[in-house]
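Coordinate inspection notes
Read off the chains here:
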Amino acid sequence: MKNNVLFLQGNEACVEGALYAGLDFFAGYPITPSTEIAELLSYRLPATGRKFIQMEDELSSMCAIVGASLTGKKVMTATSGPGFSLKQEAIGFAVMTETPCVIVNIQRGGPSTGLPTSGSQGDVMQARWGTHGEHAIIVLTASNNQDVFAMTVEAFNLSETFRTPVVLLFDEVVAHTREKLTMPEPGEINVVDRLHTSVPKGTDYHPYLPREDGRLPMSDFGGVHRYNVTGLAHDMWGFPSTNPTIVYDLMRHLVDKIQGHTKEITRIKEFFVEDAECLLISYGASARTALHVVENRRERGEKLGLLELQTLWPFPADVVKKRCASIDCVVVVEMNMGQILHEVKRVIHDGDKVFLANKIDGTFIAPTDILDILRIIQGKGA
Amino acid sequence: MAKKKKGKPVINREWCKGCGICVEFCPEDALALDEMEKSNLAYPDKCNSCGMCELRCPDLAIELR
Amino acid sequence: MAVKDYIRERFFPHLWCPGCGHGIVMGAMIRAIEKLGIQKSDIVVVSGIGCSSRICGYLDFHTLHTLHGRALAFATGLKLSRPELTLLVPMGDGDAFAIGGNHLIHAARRNIDLTAIIMNNNIYGMTGGQSSPSTGYGDLATTAPYGNIDPSFDPVNLVLGAGASFVARTTTYHVTSMINILEKAITHKGFSVVEVLSQCPTYYGRKNRLATAVDMMNFYKNRTTPIGSKDKEKNPDLIERGIFIQEERPEYCAEYAKLIEKARSQ
C-alpha cells in the first residue's frame, strides 16, 4: 500500500480536497475557526503556480473569487459566521450571474461574534436564505475528514455542473478534529472541469442561453467572446432587462436548475436504516455522535438507524420522506434549535413523531443528549 | 489629436439629447440648437473642424466626416 | 477604428440624462484605447453600481457590472488570475469613496495594475440626488436639505496616502487632456487613479445654482487650474488638475510572479 494516509485537521482535509478538485484561485480573510484553510493555501497554491490573495475584508474576498472565476479558474473562499454574513451580497451576485465558486463556512457559535472557538450548526438556514431574493443554492456538509475531502471535491463538481455557488457548511468540531485521511489517487474521484462553449469566434455567443440539457457553456473573460455580466436581471446575452417574460424565465431557470436536479445533487449516508424502528437524522459533527449512539444501541438489540445528510440544500425531501414512512419515531440531531427539524417535519407531514436532540451552548453534542430524548420518547422518563 | 481631424460635424439626431454643450463651447460659434432642441451645424462656414464638439458630446452623437 | 467600433450601438441613445458628463468620459476612454491600439478582447471593464457603472453595457469589451462599491475587489481577482488583460474600473464618487472606500485604498496599497476612473459628480445620481463623500460643505442634496455639513474627501490625497503610483485629476471640460491622462494611466504599470470631475446637471446642478451642464462645465473651466500654477497661489480655492504622481513601483501581479518562483524553488 502506498503511503497516502495523512493525519490532519478537517480544515486541512478541505484544502486537500480543493487541490484535488483543481483549485486555481483562493481569496480570503482571517477568521476563526476557518483560518487554517487560508494559511495552508497561501503556502500550497503559489508552489504550483496558482494564486492566493488575502483581501482587505470578507466582502472583497468573495468578490475577488467571482472575478477570478470569470477568467475560467476554479475558485474558493473560506470563512465563518460573521464573514459568511458579510459575503452574502456577493454570493447573491454569483447566483444571479451563474458564476461557479465554492464558499466554505466553518460554523461557530452565533449570533454576532458569538462563540468563535466553539462548534455550532446555526447557519443552516443562512446558507439557504442568506442572500436576498428568491433563489436556489447548493449546500453540502460532512462529518469526518474523509467525507470533508470528498464533499469538497463534490462542491467544485456541482459548482461547475450547475454554474452556481456551492456552500461547504462544515463546523468547528469537524474543522479542528485531527484524524486520518486516506488520500484518494488521482482519478479515483471524478473531477468535473468547466464546460466551455464550442461557439467559434465571430459567431454570436449567448452566455445565458441554456442548452437542451439545461447546462450553460461558459466563455472566459479575455477569450474571443465579449459579453456582459451583471447582477441585474438580464437576457440571454447578459444585458439588463425588465421584460416580464425574460425575468420570469430567468427566475425559473435559476431555481429549477437546482431544485429540479435535487436527486442528482443529493449525497446521503445511511446506517442501519433497513429495519430501523427509530431513525436519527443528522449531519456534520452531530452525525458523529448520532452514529456512536446508533452503533452502541444496535449492540443491545435496539432497532435504531441513522440518516446522515451530506446535501442540506436542496433539501433531499424525497429520500427523507421515503425513509421515514415506516418509522415510529424520528429524532433530528443538530447543534441549533431545530433548523433541519423544521424541514423534516415539513416533508413527512407527521410532525408528532419527529423530535429534536440538540445542543446550543457551545459544547459538543454528547451521546447522553440523544439518549435522554430517546428515553423520553420510549416513555422511560428523563 | 483634434487638429488632425478632417471634415465637419455630422450630428446623429437620434442620439443627441440637446444638452447644448457643443453649441456653448464651439470656439467658432458654428453650432446651434434647432427647433427640435437638436444640435445642428447652423453655420458650416464658421466651422474650423477642430473636433471639440465631437470630443465633448456626452451622447457620442457627433462625428467629423 | 472609429468610436462606433468600440460601442454596443443597439443600446444607444444611452440612458444618461441630457448633459451628463459620464458620456464624455466614456468617449474619452474609447479614444484613449483607440490611440493605444489595445485589442477589444484584451480589455475588461469592471464597474460597480450607480450612473457611472452603466458604462459597462455600452462598451464592446469584456464587461462586468458588479455590486455597489465592489468593482475594485472583483477587478483584483480578475487581474490576478489573468495579469495580461487590461483592466479599466469606472466608478462613481459614492461607489469609490463611500461604500467602496476600503477597496480603493487597498488596491492603491497593493499597487495592482488597474486603472480606476472615478467620475466624481459630487452626488448620488441613480438614487435621486443624495449627498456623497465629495458633496461640498453647504451644498444641497435630497438628504441634505439644510445644507451638507459633512466635510468631503480630497480623493487625490486619499489615494496618494494609500500608496497609489499614478494619480491624476481632470474634468469633462478639459477633454483632450483627459484623453491624454487616460492613455498614461492605462499604460502605467501599477494602480492608477484618474478622478474626473463630471457634471450631474439633473441632481447636483439643479440644486446648487448650476442649472445646466454648460454652467457646470464652465465651473470646471474657471475654477480649476493646472497643478502648480501661479493662479493657485493667488487663489487657493482653485482645484488643481493634471498628474499628481507617476512613479514606477513594484506592481502586485509582477510581485506575485516572483513569489511563485520563490515558492517553487523551496
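Here's a quick rundown of the structure. (Residues numbered from 1 in each chain as written. Chains lettered and ligands numbered in written order. Predicted model: local features only at pLDDT ≥ 70, side-chain atom pairs only at ≥ 80, totals over all residues. Heavy atoms only, no water.)

Residues and elements named next belong to chain B. Tallying each qualifying case throughout the model produces four cavities of 30 Å³ or more. Within the lining of the largest cavity, the residues separate by chemical class into ten nonpolar, three polar and one charged. Computed from the structure, the second largest cavity encloses a volume of approximately 70 Å³. As for the second largest cavity, its lining consists of 14 residues, and the residues nearest its centre are C16, C19, C22, S39 and C57. Residues of the lining of the second largest cavity, tallied by class, amount to ten nonpolar, three polar and one charged. (1 Å grid on protein atoms, 1.4 Å probe; cavity = no way out; pocket = protein on both sides within 12 Å on 5 of 7 lines; lining within 4 Å. Points joined across faces, edges and corners; volume = space filled by probe spheres on them. Nonpolar A, V, L, I, M, F, W, Y, C, P; charged D, E, K, R; others polar.)

It is worth spelling out the sheet that holds strand β3 (residues 86–92) of chain C at this point. Pairing is mixed across the open sheet formed by nine strands, whose spatial order is β10(A)-β2(C)-β1(C)-β3(C)-β4(C)-β6(C)-β5(C)-β8(C)-β7(C). Two strands bound the open sheet, and with one partner strand each, they are β10 (228–230) of chain A together with β7 (224–226) of chain C. Going from strand to strand, the sheet's axes swing by 20° on average, the running direction of each strand aside. In terms of strand pairing, strand β5 (residues 166–171) of chain C meets strand β6 (residues 192–197) of chain C through six bridges, oriented parallel. Within β6(C), the residue paired with C:V167 across the bridge is C:V193. (Pairing = 2+ DSSP bridges. Helix = DSSP H or I, 4+ residues; strand = E, 2+ residues; numbered from the N terminus. Axes fitted to C-alpha atoms, helices over the stretch in contact; angles between N-to-C directions.)

With that settled, the discussion passes to the pairing of strand β3 (residues 51–54) of chain A. Residues and elements named next belong to chain A. Note: strand β2 (residues 25–28) against β3, four bridges, orientation parallel. Residue F25 lies in a different strand from β3, and its bridge partner there is K51. Note on the crossover from β2 through helix α2 (residues 35–47) to β3: the handedness is right-handed. (Right-handed = clockwise from strand over helix to strand, strands pointing away.)

Take the side chain of A:S219 next. If you trace the backbone, A:S219 turns up in the loop between β9 (179–182) and β10. If we ignore the near neighbours within four places in the chain, the residues touching A:S219 are A:L70, A:T197, A:Y205, A:H225 and A:Y227. (Contact = heavy atoms within 4.5 Å.)

Within a regular beta strand, the side chains point alternately toward one face of the sheet and then the other, so they alternate between its two faces. Residues and elements named next belong to chain A. Of the two faces of β2, the one lined by F25 and A27 and the one lined by F26 and G28 are each fully buried. Sheet analysis places β2 next to strand β4 (residues 75–79), joined by two bridges and oriented parallel. Bridge pairing links F26 to M76 in β4. (Buried < 20%, exposed > 50% of the residue type's maximum accessible area, 1.4 Å probe, protein only.)

This part is about a negative patch on the surface. On the surface, B:E24, B:E28, B:D29 and C:D215 cluster together into a negatively charged patch. When you line up the elements, C:D215 lands in helix α9 (residues 213–223). On the basis of relative accessible area, C:D215 is assigned to the partly exposed category, the value being 33%. (Patch = residues over 30% accessible without salt bridge, like charges linked within 9 Å, V, L, I, M, F, W, Y side chains within 5 Å. Areas by Shrake-Rupley, 256 points an atom, 1.4 Å probe, with all protein chains shown as cover. Salt bridge = Lys/Arg side-chain N within 4 Å of Asp/Glu carboxyl O. Lys, Arg positive; Asp, Glu negative; His and termini not counted. Charge placed at Lys NZ, Arg CZ, Asp CG, Glu CD.)

This part covers the interface of chain C and chain B. A common measure of how large an interface is: the accessible area buried when the components associate. Each partner contributes to the interface: chain C provides 30 residues, whereas chain B provides 19 residues. When the two sides are added together, the surface that chain C and chain B hide from each other amounts to roughly 2,000 Å², 69% of it contributed by carbon and sulfur. A per-residue breakdown of the area chain C buries against chain B is headed by C:P13, C:R31 and C:V214, which together make up 24% of the total. Scanning the region where chain C abuts chain B turns up one salt bridge. (Buried area = accessible area lost by both parts, 1.4 Å probe.)

Within this structure, the stated rule accounts for 14 aromatic pairs over all chains. Here A:F221 and A:Y227 contribute two aromatic rings whose centre-to-centre distance is 5.5 Å and whose plane-to-plane angle is 85°, an arrangement assigned as edge-to-face. As far as burial versus exposure is concerned, A:F221 and A:Y227 are alike and both buried. Three or more aromatic residues link up through ring pairs in this structure, and these residues are B:W15, C:F12, C:W16 and C:Y58. Here the guanidinium or amino end of C:K4 rests over the ring plane of B:W15, the centre of that ring lying 5.2 Å away. (Phe/Tyr/Trp six-rings, centres within 6.5 Å; stacked < 30°, edge-to-face > 60°. Lys NZ or Arg CZ within 6 Å of the ring centre and 35° of its normal.)

Residues and elements named next belong to chain C. Its boundaries defined by the atoms lining it, the largest pocket holds a volume of some 810 Å³. Listing elements by their share of the lining of the largest pocket, those giving two or more residues are α6 (155–162), β6, α9 and β8 (239–246). Looking at the lining of the largest pocket residue by residue, the class counts come to 16 nonpolar, eight polar and nine charged.

All names here are of chain A. Reading across from one edge, β11-β13-β12-β15-β16 is the order of the five strands in this open sheet, with mixed pairing throughout. Looking along the sheet, the strands with just one partner apiece sit at the ends: β11 (268–271) and β16 (354–358). Pairwise comparison of adjacent strand axes, ignoring direction, gives a mean angle of 20° for this sheet.

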